[in-house]
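Breakdown of the fold
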Amino acid sequence: MSVLLNTAAVQAGFFGIPNGYTTGTNPFSVAVGDFNLDGKPDLAVANYNSNTMSVFINNGAGTFAAKVDYTTGTNPISVAVGDFNLDGKPDLAVANKQQHQSERFYQQRRRHLRRQS
């Protein structure tokens with residue numbers, strides 16, 4: 001996965017050199033949310049062939065901590081962010097192609113997710 005930061009002082013649309021981050025095999029979808037509630041946008045990536053979702057916590061200044069992987073169902077193709085259990089914390093939903101189902105990952109504490117199919 002690559003992150004390109006907007007480097008323009010005034011006009012949008014000028015991007016710097018990509019910062020690369022290792023995900024699982026065949027990353028398919030990216031979602032943005034503040035998963036640890038620190039005010040910085042974090043990333044979640046659905047990894048199709050490794051049946052995982054990688055979460056990257058924003059360190060600030062456009063860099064991210066090493067990924068934390070969560071096991072998903074077979075062939076995740078999409079990840080979405082929302083407060084699905086209405087507790088005020090962002091949760092993640094993953095769509096799995098081969099199982100024709102979705103899964104939800106609920107925030108338990110900062111940086112810890114609990115899986116529910």
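Residues numbered from 1 in each chain as written. Predicted model: local features only at pLDDT ≥ 70, side-chain atom pairs only at ≥ 80, totals over all residues. Heavy atoms only, no water.

Moving on, we come to the sheet that holds strand 4 (residues 42-47). The 4 strands lie next to each other as 3-4-5-8, forming an open sheet whose pairing is antiparallel. With partners counted over all chains shown, the strands left at the sheet margins are strand 3 (27-33) and strand 8 (68-71), one partner each. Neighbour to neighbour, the strand axes of the sheet diverge by 20° on average, direction disregarded. For strand 4 and strand 5 (residues 52-56), the ladder comprises 5 bridges, and the chain directions are antiparallel. Each bridged residue has a counterpart across the sheet, and for alanine 46 the counterpart in strand 5 is methionine 53. (Pairing = 2+ DSSP bridges. Helix = DSSP H or I, 4+ residues; strand = E, 2+ residues; numbered from the N terminus. Axes fitted to C-alpha atoms, helices over the stretch in contact; angles between N-to-C directions.)

Once that is clear, we can look at the environment of asparagine 26. Along the polypeptide, asparagine 26 turns up in the loop between strand 2 (19-20) and strand 3. Residue class for asparagine 26 comes out partly exposed when judged on its relative accessible area of 34%. Sequence separation of asparagine 26 and isoleucine 77 is 51 residues, and the distance between their C-alpha atoms is 9.8 Å. (Buried < 20%, exposed > 50% of the residue type's maximum accessible area, 1.4 Å probe, protein only.)

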